[in-house]
Amino acid sequence: MGYTWQYYDLVLGAILLTMVSGVGIGYATTVAIPTAVTGAGFVAAALIGHGLFVNGPVDEPSDLTNEVDTLN
């Protein structure tokens, strides 16, 4: 059985691609590297926010109120 890509795999890959692109833009253009990486960081933060709050890792909001037995 092969591996199936999940949404969060794509989010993590997009974060990596965004940050690497920021470095590449910094090297390939006249934009300073810290500025390019900071801009890429804002895009990566937006991707993280989407993964956490828009398409969160729960099925429905009531899942957030369930007690976690493994920590008790």
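Residues numbered from 1 in each chain as written. Predicted model: local features only at pLDDT ≥ 70, side-chain atom pairs only at ≥ 80, totals over all residues. Heavy atoms only, no water.

**Things to note about the overall build of the chain**
And step 1. Helices and strands together make up the secondary structure of the chain, namely two helices and zero strands.
And step 2. By residue count, 12% of the 72 residues in the chain fall in the buried class. (Helix = DSSP H or I, 4+ residues; strand = E, 2+ residues; numbered from the N terminus. Buried < 20%, exposed > 50% of the residue type's maximum accessible area, 1.4 Å probe, protein only.)

**Some details on a nonpolar patch on the surface**
And step 1. Taken together, the side chains of I48, L52, F53 and V54 present a nonpolar region at the surface, about 450 Å² in accessible area.
And step 2. Structurally, I48 is set in helix α2 (residues 33-54).
And step 3. Of the residues examined, I48 reaches a relative accessible area of 39% and is grouped as partly exposed. (Patch = residues over 30% accessible without salt bridge, like charges linked within 9 Å, V, L, I, M, F, W, Y side chains within 5 Å. Areas by Shrake-Rupley, 256 points an atom, 1.4 Å probe, with all protein chains shown as cover. Salt bridge = Lys/Arg side-chain N within 4 Å of Asp/Glu carboxyl O.)

**Here's the deal with the packing of helix α1 (residues 7-28) against α2**
And step 1. Running from N to C, α1 and α2 point in directions that differ by 170°, and their axes come no closer than 7 Å. The angle between α1 and α2 falls in the class roughly antiparallel. Of the residues in α2, those in contact with Y7, Y8, V11, A14, I15, T18, M19, G22, V23, I25, G26 and Y27 of α1 are I33, A36, V37, A40, G41, V43, A44, L47, I48, H50 and G51.
And step 2. Among the residues making up the contact of α1 with α2, the classes are represented as 17 nonpolar, six polar and no charged. (Axes fitted to C-alpha atoms, helices over the stretch in contact; angles between N-to-C directions. Parallel < 35°, antiparallel > 145°, perpendicular 65-115°, else oblique. Contact = heavy atoms within 4.5 Å. Nonpolar A, V, L, I, M, F, W, Y, C, P; charged D, E, K, R; others polar.)

**Description of the packing of aromatic side chains**
And step 1. Under the defined criterion, the tally for this structure stands at two aromatic pairs.
And step 2. Ring geometry for Y3 versus W5: centroids 6.2 Å apart, planes at 80°, classification edge-to-face.
And step 3. Using a relative accessible area of 60% as the deciding quantity, one classes Y3 as exposed.
And step 4. Using a relative accessible area of 63% as the deciding quantity, one classes W5 as exposed.
And step 5. Plain terms: the ring middles of Y7 and Y8 are 4.9 Å apart, the flat faces sit at 80° to each other, and that makes the pair edge-to-face.
And step 6. With a relative accessible area of 27%, Y7 lands in the partly exposed category. (Phe/Tyr/Trp six-rings, centres within 6.5 Å; stacked < 30°, edge-to-face > 60°.)

**A short note on the environment of T38**
And step 1. Position of T38 relative to the elements: it lies in helix α2.
And step 2. Owing to a relative accessible area of 45%, T38 belongs among the partly exposed residues under this scheme.
And step 3. Here the alpha-carbon distance between T38 and M19, two residues 19 residues apart in the chain, equals 8.9 Å.
And step 4. Of note is the side chain of T38, whose polar atom sits 2.7 Å from the backbone oxygen of P34. (Polar contact = N/O pair within 3.5 Å; in protein donor to acceptor, adjacent residues only side chain to side chain.)

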